[in-house]
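Per-entry structural report
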Amino acid sequence: MEASPTKYELEQLYGAVPRKERKVLPHGTYTREIEGKEHQLEYKETETAEEEAWRIAARDLVSVERPNYDKARRYYYKILKKNPAHAQTYTWIGESYYEEKNYKKARIWLNKALELNPIDYLAQWLSAEIFLKNGEIDTALYTLTLAHVYNRNHPRLIKRLIEVYEQQEQIYYGNWGFDPLMYIYKDGETVVVTAEGIWLTYGMYKAVWNYDTDYQYIKEQQDVTDYLFQQEMEAMIGTYMTYFNLKKDDKRNYPVMNAFGLCLDYRMVEEFVLYEILLVDKPSLSHHITPAFMARIIQYISTIRSVDYVIDED
């Protein structure tokens, strides 16, 4: 930063950090490869006017106090007759049977939905509930966790995840998150990093990554293909080093740093970065996770989120 032509200013944080959006993904997203690149699309974008009318009519029938699932399914069947690859419709049919407690039929339709679109978080969620009712506990926990990862910020889904974990004598501690006490803004040509405590280090890394053209050029020459990962890993490791060196003097509890320290021990830094930072800010990244890395994320949740890092000072 000292050698950079970019002008930086550091200031103490007073008050709260501006609230960040925690996006909840809508149902109905799928991925498709176009010219060698994976794109995210929504089923409603491909509907004809006729199919849209059927969808609206069906959803209206199930969104009332006394749903008419049988009549709604007639509209769903019309959509599938025109568009048999409409995986979201399979989920809706499965959901209708689930609500009627016909779990055998629900499972058939949900399986069809997931064959076409494995990232369908609602199909995963309902499937997990059926596994749970059938006593298939391990499969239920895995599938419910998968649903959660596919829609990281969904409040009812994470609440259900915590509840089911607890029922099975497993714990998911949701009493901490990655909420750095810092923010960055520009005052004319000056990049201002406003932070408290150890988060100044994190803010400095983020400022350089996002505003320093010389630093970005250096990184472009390196063999790094995923800049989101690289940026957050550098910033987190640098911040942890500050935390480790200052923790004798700074007695404040930093649950996220305690968790990250355990991740260093277990070699789960990439999992931490994806689950705790990137998916919170950009939940749609979950749709591009490979099966192998998804298994690592689920293992991360089981290992790291089962520990309570919040120290009761009382």
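On a predicted model such as this, the values are computed, not experimentally measured, just so you know.

**A word on the overall build of the protein**
- From N to C terminus, the protein includes 13 helices and five strands.
- Along the longest, intermediate and shortest principal axes, the C-alpha atoms of the protein span 65 × 45 × 35 Å.
- The buried share among the 314 residues of the protein stands at 46%.
- As displayed, the protein has an accessible area near 17500 Å², and 49% of this comes from carbon and sulfur atoms.
- Treating the 38 positive side-chain charges of the protein as one cloud and the 49 negative ones as another, the clouds have centres 8 Å apart.

**Some points on the packing of helix H10 (residues 227-246) against helix H11 (residues 255-266)**
- Axis separation between H10 and H11 bottoms out at 10 Å; the angle between their running directions is 110 degrees. Here H10 is positioned roughly perpendicular relative to H11, judged by the angle of their axes. For the element pair H10 and H11, the recorded crossing hand is left-handed. Residues Met236, Ile237, Thr239, Tyr240 and Tyr243 of H10 form the contact with H11, whose own contacting residues are Met257, Asn258, Phe260, Gly261 and Leu264.

**Observations concerning the pattern of salt bridges**
- What the rule picks out here adds up to 19 salt bridges.
- When the shortest N-O distance is used, the salt bridge between lysine 20 and aspartate 281 registers 3.3 Å. Here the residue lysine 20 occupies a position in the loop between strand E1 (7-12) and strand E2 (29-34), and aspartate 281 occupies one in helix H12 (residues 269-281), the gap between them amounting to 261 residues.
- For aspartate 281, a relative accessible area of 31% puts it in the partly exposed group.

**Examining the sheet that holds strand E4 (residues 182-187)**
- As summarised here, the arrangement of the three strands in space is E1-E5-E4, forming an open sheet in which the pairing is mixed. Each edge of the sheet is formed by a strand with only one pairing partner; in this case those strands are E1 and E4. When strand polarity is set aside, the average angle formed by the axes of neighbouring strands in this sheet is 25 degrees.
- Of the pairings in the sheet, the one linking E4 to strand E5 (residues 190-195) comprises six bridges and is antiparallel in character.

**What to know about the pairing of E2**
- Where E2 meets strand E3 (residues 37-42), six bridges bridge the pair, whose relative direction is antiparallel. Considered in E3, the bridge of isoleucine 34 is made with lysine 37.
- Hairpin connection, E2 to E3: the antiparallel pair is bridged by two residues, and glutamate 35 has positive phi, about 55 degrees.

**Some thoughts on helix H7 (residues 155-167)**
- Over its 13 residues, H7 runs 19 Å from end to end, which matches the ideal 18 Å to within 8%, given 1.5 Å per residue.
- Taken together, the buried positions of H7 are Leu157, Arg160, Leu161, Val164 and Tyr165. Buried residues of H7, seen end-on, are gathered within an arc of 135 degrees and therefore sit on one face of the element. Away from its buried face, by an angle of more than 90 degrees, H7 presents the exposed residues Pro155, Arg156, Lys159 and Glu166.
- Residues of H7 that are buried in the fold lie against helix H5 (121-133), helix H6 (137-150) and helix H13 (291-304).
- Positive phi shows up at glutamate 169, right after H7, with a value of about 60 degrees.

**Some thoughts on the environment of leucine 246**
- Turning to its location among the elements, leucine 246 is positioned in helix H10.
- The exposure class assigned to leucine 246 is partly exposed, which follows from its relative accessible area of 40%.
- Sequence separation between leucine 246 and threonine 91 is 155 residues; the distance between their C-alpha atoms is 51 Å.

**Focus: the packing of aromatic side chains**
- Inspection of every chain in the model, using the stated rule, returns 18 aromatic pairs.
- Ring geometry for phenylalanine 260 versus phenylalanine 272: centroids 5.1 Å apart, planes at 70 degrees, classification edge-to-face. In this pair, phenylalanine 260 is assigned in helix H11 and phenylalanine 272 in helix H12, connecting sequence segments 12 residues apart. Considered together, phenylalanine 260 and phenylalanine 272 belong to a single accessibility category, that of buried residues.
- Ring pairing ties together the aromatic residues Tyr240, Tyr243, Phe244, Tyr254, Phe260 and Phe272, which thus form one cluster.

**A look at the side chain of arginine 305**
- Within the fold, arginine 305 resides in the segment after H13.
- Not counting residues up to four positions away in its chain, the partners in contact with arginine 305 are Arg152, Ile171, Tyr172, Tyr173, Gly174, Trp176, Gly177, Tyr275, Glu276 and Tyr300.

**Points about a nonpolar patch on the surface**
- A cluster of nonpolar residues, Ile237, Met241 and Leu264, forms a patch on the protein surface that exposes about 250 Å² of accessible area.
- If you trace the backbone, isoleucine 237 turns up in helix H10.

**Description of the packing of H5 against H7**
- Viewed as axis vectors pointing N to C, H5 and H7 meet at an angle of 25 degrees, and their least axial separation amounts to 12 Å. Taken together, the axis directions place H5 and H7 in an arrangement best described as roughly parallel. For H5 against H7, the interelement crossing comes out left-handed. Here Tyr121, Trp125, Glu129 and Leu132 of H5 come into contact with H7, specifically with Arg156, Leu157, Arg160, Val164 and Gln167.
- In terms of residue class, the contact of H5 with H7 is built from five nonpolar, one polar and three charged.

What counts and what doesn't
Residues numbered from 1 in each chain as written. Predicted model: local features only at pLDDT ≥ 70, side-chain atom pairs only at ≥ 80, totals over all residues. Heavy atoms only, no water. Helix = DSSP H or I, 4+ residues; strand = E, 2+ residues; numbered from the N terminus. Buried < 20%, exposed > 50% of the residue type's maximum accessible area, 1.4 Å probe, protein only. Areas by Shrake-Rupley, 256 points an atom, 1.4 Å probe, with all protein chains shown as cover. Lys, Arg positive; Asp, Glu negative; His and termini not counted. Charge placed at Lys NZ, Arg CZ, Asp CG, Glu CD. Axes fitted to C-alpha atoms, helices over the stretch in contact; angles between N-to-C directions. Parallel < 35°, antiparallel > 145°, perpendicular 65-115°, else oblique. Left-handed = near helix turned anticlockwise from the far one by under 90°. Contact = heavy atoms within 4.5 Å. Salt bridge = Lys/Arg side-chain N within 4 Å of Asp/Glu carboxyl O. Pairing = 2+ DSSP bridges. Expected span 1.5 Å × (residues − 1). Arc of directions from axis to C-beta. Phe/Tyr/Trp six-rings, centres within 6.5 Å; stacked < 30°, edge-to-face > 60°. Patch = residues over 30% accessible without salt bridge, like charges linked within 9 Å, V, L, I, M, F, W, Y side chains within 5 Å. Nonpolar A, V, L, I, M, F, W, Y, C, P; charged D, E, K, R; others polar.

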